[in-house]
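Commentary on secondary and tertiary structure
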Amino acid sequence: MTDFPMDTQLDLHTSILNEISDAVYLTDKKGNFTFICRKNVDVIFGHSRAEVESYKNIFTLIPGLDKKVLKTRHEIENIQLEISTKDGQTKTVLANIKPVRMEEGEFLFTLRDISERKRMKDMLEASEKRFRALKNSEQKYRATLDAMQDAIHVIDADFNLILLNETALLETIGAGLGANILGHNLFDVYPFLSENVRAEYQQIFETQKVLITEEIHGINGKERYSETRKIPIVE
């Protein structure tokens, strides 16, 4: 590591401070400003250096900041605060406060705008909450469907099976028609269904109207009577 002369180090530190997007302040033990980084002073609050200086004190600039932070002699990291900008916007910032021993002040404050990150986090949490709610609802509906004695199946527009309740699945297995049938075509799984049934389903997709039919099917050499309610699902 190369050691630089003191004046070069000062220029280097100043250049770094002027390039970062954090707002940087030094205060005395009462929170009065003793140093304000000149270039990025408006990054978060939208105030000019002179306007920030007119506040005189960090607690006037940030009313939500607890004055007790200056009673600690330890670094305080990542205090999340809501602040108001000059144009009335509300932003979320992370504040870091570090006791320092410098001629210019006793406490170093850095503030970082995390509004966009918080917004994305809130959106993600809301999405996860909706997903959990949907998952819980799905489980309740599934339990209700499986408790019904009627055989229920749902197909898509291509006649592929996308849902069966427990009764329908057990009846299908009992008839020797297979167990892993989800995703398969209705007419492949139940080959005894006539072309009239296909036409009825097509009619329902087109009209979006309920159709109730009575049918007799031959399954494994036995005739079986059924009353079927074909109900369109509107998303």
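First things first, this report covers the structure right here in the doc. Small disclaimer: the values here were computed from a predicted structure and weren't measured.

**Focus: the overall build of the chain**
Counting its secondary structure elements, the chain contains eight helices and nine strands. Counting over 235 residues, the chain shows a buried share of 30%. Within the chain, contacts between residues at least 6 apart in sequence are counted, and of these 36% link residues at least 24 apart. A total of about 16300 Å² of accessible surface is found on the chain, and carbon and sulfur atoms cover 52% of it.

**Structural notes on helix α8 (residues 195-207)**
End to end, α8 covers 18 Å across 13 residues, agreeing with the expected 18 Å (1.5 Å per residue, within 8%). Residues Val197, Glu200, Tyr201 and Ile204 constitute the buried set of α8. Taken end-on, α8 shows its buried residues confined to a sector of 95°, consistent with a single buried face. Pointing more than 90 degrees away from the buried face of α8 are the exposed residues Glu195, Asn196 and Glu206. Gln208 sits one or two residues past α8 and shows a positive phi near 60°.

**Some remarks on the pairing of strand β1 (residues 23-27)**
It is a general feature of regular strands that their side chains alternate between the two faces of the sheet. The buried count for β1 comes to five of five residues, which makes it a mostly enclosed element. In β1, alternate side chains face the same way, and those of Ala23, Tyr25 and Thr27 on one face and Val24 and Leu26 on the other are all buried. Both β1 and strand β2 (residues 33-36) contribute to a ladder of three bridges, which runs antiparallel. Residue pairing in the sheet places Thr27 in a bridge with Phe33 of β2. Connecting the antiparallel pair β1 and β2 is a turn made up of five residues, with Gly31 showing a positive phi of about 90°.

**So, the nonpolar core**
Among the nonpolar cores identified, the biggest contains 23 residues, and Tyr25, Ile58, Ile62 and Leu65 are the most heavily contacted of them. At the level of secondary structure, the elements contributing two or more residues to this core comprise β1, β2, α2 (42-45), α4 (58-61), β3 (76-84), β4 (90-102) and β5 (105-113). Core analysis: the second largest hydrophobic core is formed by 13 residues, Ile155, Phe159, Leu186 and Leu193 among them.

**What about the pattern of salt bridges?**
One pass over the full model with this rule turns up ten salt bridges. Between Lys86 and Glu51 there is a salt bridge, with its nearest N and O atoms 2.8 Å apart. Here the residue Lys86 occupies a position in the loop between β3 and β4, and Glu51 occupies one in helix α3 (residues 49-55), the gap between them amounting to 35 residues. A relative accessible area of 25% means that Glu51 is categorised as partly exposed. A salt bridge links Asp146 to Arg142, with the shortest nitrogen-to-oxygen separation between them at 3.2 Å. Highlighted residues: Asp146 and Arg142, both in helix α5 (residues 115-147), separated by four residues, approximately one helical turn. Judged by its relative accessible area of 32%, Arg142 is partly exposed.

The rules behind the values
- Residues numbered from 1 in each chain as written.
- Predicted model: local features only at pLDDT ≥ 70, side-chain atom pairs only at ≥ 80, totals over all residues.
- Heavy atoms only, no water.
- Helix = DSSP H or I, 4+ residues; strand = E, 2+ residues; numbered from the N terminus.
- Buried < 20%, exposed > 50% of the residue type's maximum accessible area, 1.4 Å probe, protein only.
- Contact = heavy atoms within 4.5 Å.
- Areas by Shrake-Rupley, 256 points an atom, 1.4 Å probe, with all protein chains shown as cover.
- Expected span 1.5 Å × (residues − 1).
- Arc of directions from axis to C-beta.
- Pairing = 2+ DSSP bridges.
- Core = buried A, V, L, I, M, F, W, Y, C linked by side-chain atoms within 4.5 Å.
- Salt bridge = Lys/Arg side-chain N within 4 Å of Asp/Glu carboxyl O.

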